[in-house]
Amino acid sequence: DHRDLHSFPTRRSSDLGYLESYNLTVQRDLGLGVTGSAAYVGTHEVRQMSDLDINASCLGCGNAGRLLHVDYGTINGDIEESDPFGSMRYDALQVQLIRRGTDLQMGLSYTLSRTLDMGDNSTYNALTFSYPAYWSRNWAAAGYDRPQNFEFWTIYALPFGKGQKMLQHGIAAAILGGWQANAIFTAASGTPFTVTSNTAINAPGNTETAEQVLPSVQILGGIGSGQPWFNPAAYANPAQNTFGNSGRNSLRGPGFFELDASLFRDFSPSERVKLQLRAESFAVTNSPIFANPNANVSTTSNFGQITSLAASANGVSTGGGYRIIRLGLRFSF
């Protein structure tokens, strides 16, 4: 019986998971202080610790079909247990160009990748489809998967002032000397999301997905109320006690870009005392970073629309992309 509790993994020492990492990198000196590299990077996690609902139910079975209810009687409610389960796979092409120098350093990197898993954040999130017969439906793009990621950075010590190449003396040296400019630019793809439904599936512990009724889903790219990100007519509520035919993380939200910059100046009143004036700006262009759209087909008012800003991007808090300016003075002795 596929509802048997023994369908779930047990925590024997032989079942404990493991991580495989492998990569191949080719690097070359391109001259003028520039080095380039291209790498294949892969990671495979086998039987990662995952949060399993060991009391989920099958479609249409209700509480009477919960795994523990079937085996032991009236035991209702979700019961989460951390077990070695499922896997994760990351494959990427990573390309880098880096220039190192006395005054000017810069680099750019581009990553083309794919991350697949059965559940994000391991022990902190339950599976989308928790009943053993439906486990295979969880295998999809990870919720944090960003297929394309571009980064550019630069550090430039202006060549003015004492000990530098230009304007070593006089008023100009005093004004322009000791400055350093820094910048980081990031552009990345959006993250996946699941189109869900509130249709009753009578299968506690599982998530209902929407029914895709068009052959393909057009990405319209709209932002804001009344401007859908994807074509909402592509989805409908499925029949009761059935999963919709759309899968986990089947669509992808908007990407983002961000420019951070800073300007430092060092002062040396004496050999033992140093002052540094720091001016930093995060999200210089004040460009918003949007969250994924409302993806519940049962919500008629704003289904498919993006109405909020993202709280984080690439695991870093963004404030939705709002510009932040910070001034500081550092004293060292």
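Up top is the structure.
Note that the structure is predicted; figures quoted are calculated from it, not measured.

(A) Examining the layout of surface pockets more closely. Size it by volume and the largest pocket reaches roughly 360 Å³. Contributing to the lining of the largest pocket are 20 residues, with Phe 160, Gly 177, Gly 178, Trp 179 and Asp 266 lying nearest its centre. The greatest single-element share of the lining of the largest pocket, amounting to five residues, is contributed by strand β14 (residues 256-270).

(B) Examining the state of the cysteines more closely. According to the stated counting rule, one finds one disulfide in the structure shown. Paired by a disulfide, Cys 58 and Cys 61 hold their sulfur atoms 1.9 Å apart. Across the disulfide from Cys 58 to Cys 61, rotation about the S-S bond amounts to roughly -95°, and the bridge is consequently left-handed.

(C) Spotlight on the pattern of salt bridges. This structure, assessed with the given rule, holds eight salt bridges. Ionic pairing is found between Arg 252 and Asp 145, a salt bridge with its closest N-O pair at 3.0 Å. A residue pair is termed long-range when its members are at least 10 positions apart, and Arg 252 in strand β13 (residues 251-252) and Asp 145 in the loop between β7 (140-141) and β8 (148-157) qualify at 107 residues. Owing to a relative accessible area of 24%, Arg 252 belongs among the partly exposed residues under this scheme. A relative accessible area of 1% means that Asp 145 is categorised as buried. A salt bridge links Glu 280 to Arg 326, with the shortest nitrogen-to-oxygen separation between them at 3.2 Å. Of this pair, Glu 280 sits in strand β15 (residues 273-282) while Arg 326 is found in strand β18 (residues 324-332), placing the two residues 46 residues apart along the sequence. Each member of the salt-bridge network shares a partner with another, and the members are Arg 114, Asp 145 and Arg 252.

(D) Structural context of the packing of aromatic side chains. Tallied over the full model, the rule gives twelve aromatic pairs. Both rings, one in Tyr 131 and one in Tyr 134, keep their centres 5.4 Å apart while their planes meet at 40°; by these two values the pair is tilted. We classify Tyr 131 as buried; its relative accessible area is 0%. Sitting above the plane of the Phe 129 ring, Arg 137 keeps its charged end 4.5 Å from the centroid. Its end group placed over the ring of Phe 264, Arg 278 keeps NZ or CZ at 4.3 Å from the ring centre.

(E) The arrangement of a nonpolar patch on the surface in detail. Together, Leu 30, Leu 97 and Leu 108 make up an exposed nonpolar region whose accessible area comes to about 230 Å². Here Leu 97 lies in strand β5 (residues 87-99). Residue Leu 97 is classed as partly exposed on the basis of its relative accessible area, which comes to 36%.

(F) The arrangement of the environment of Arg 248 in detail. Here Arg 248 lies in the loop between β12 (235-236) and β13. Judged by relative accessible area, Arg 248 falls into the buried class, the value being 7%. Sequence separation between Arg 248 and Val 195 is 53 residues, and the spatial gap between their C-alpha atoms is 7.7 Å. Among the polar contacts listed, one links the side chain of Arg 248 to the side chain of Asp 117, at a separation of 2.8 Å. There is a polar contact of 2.6 Å between the side chain of Arg 248 and the backbone oxygen of Asn 138.

Parameters at a glance
Residues numbered from 1 in each chain as written. Predicted model: local features only at pLDDT ≥ 70, side-chain atom pairs only at ≥ 80, totals over all residues. Heavy atoms only, no water. 1 Å grid on protein atoms, 1.4 Å probe; cavity = no way out; pocket = protein on both sides within 12 Å on 5 of 7 lines; lining within 4 Å. Points joined across faces, edges and corners; volume = space filled by probe spheres on them. Helix = DSSP H or I, 4+ residues; strand = E, 2+ residues; numbered from the N terminus. Disulfide = S-S within 2.5 Å. Salt bridge = Lys/Arg side-chain N within 4 Å of Asp/Glu carboxyl O. Buried < 20%, exposed > 50% of the residue type's maximum accessible area, 1.4 Å probe, protein only. Phe/Tyr/Trp six-rings, centres within 6.5 Å; stacked < 30°, edge-to-face > 60°. Lys NZ or Arg CZ within 6 Å of the ring centre and 35° of its normal. Patch = residues over 30% accessible without salt bridge, like charges linked within 9 Å, V, L, I, M, F, W, Y side chains within 5 Å. Areas by Shrake-Rupley, 256 points an atom, 1.4 Å probe, with all protein chains shown as cover. Polar contact = N/O pair within 3.5 Å; in protein donor to acceptor, adjacent residues only side chain to side chain.

Interpretation in functional terms is not warranted from these geometric data alone.
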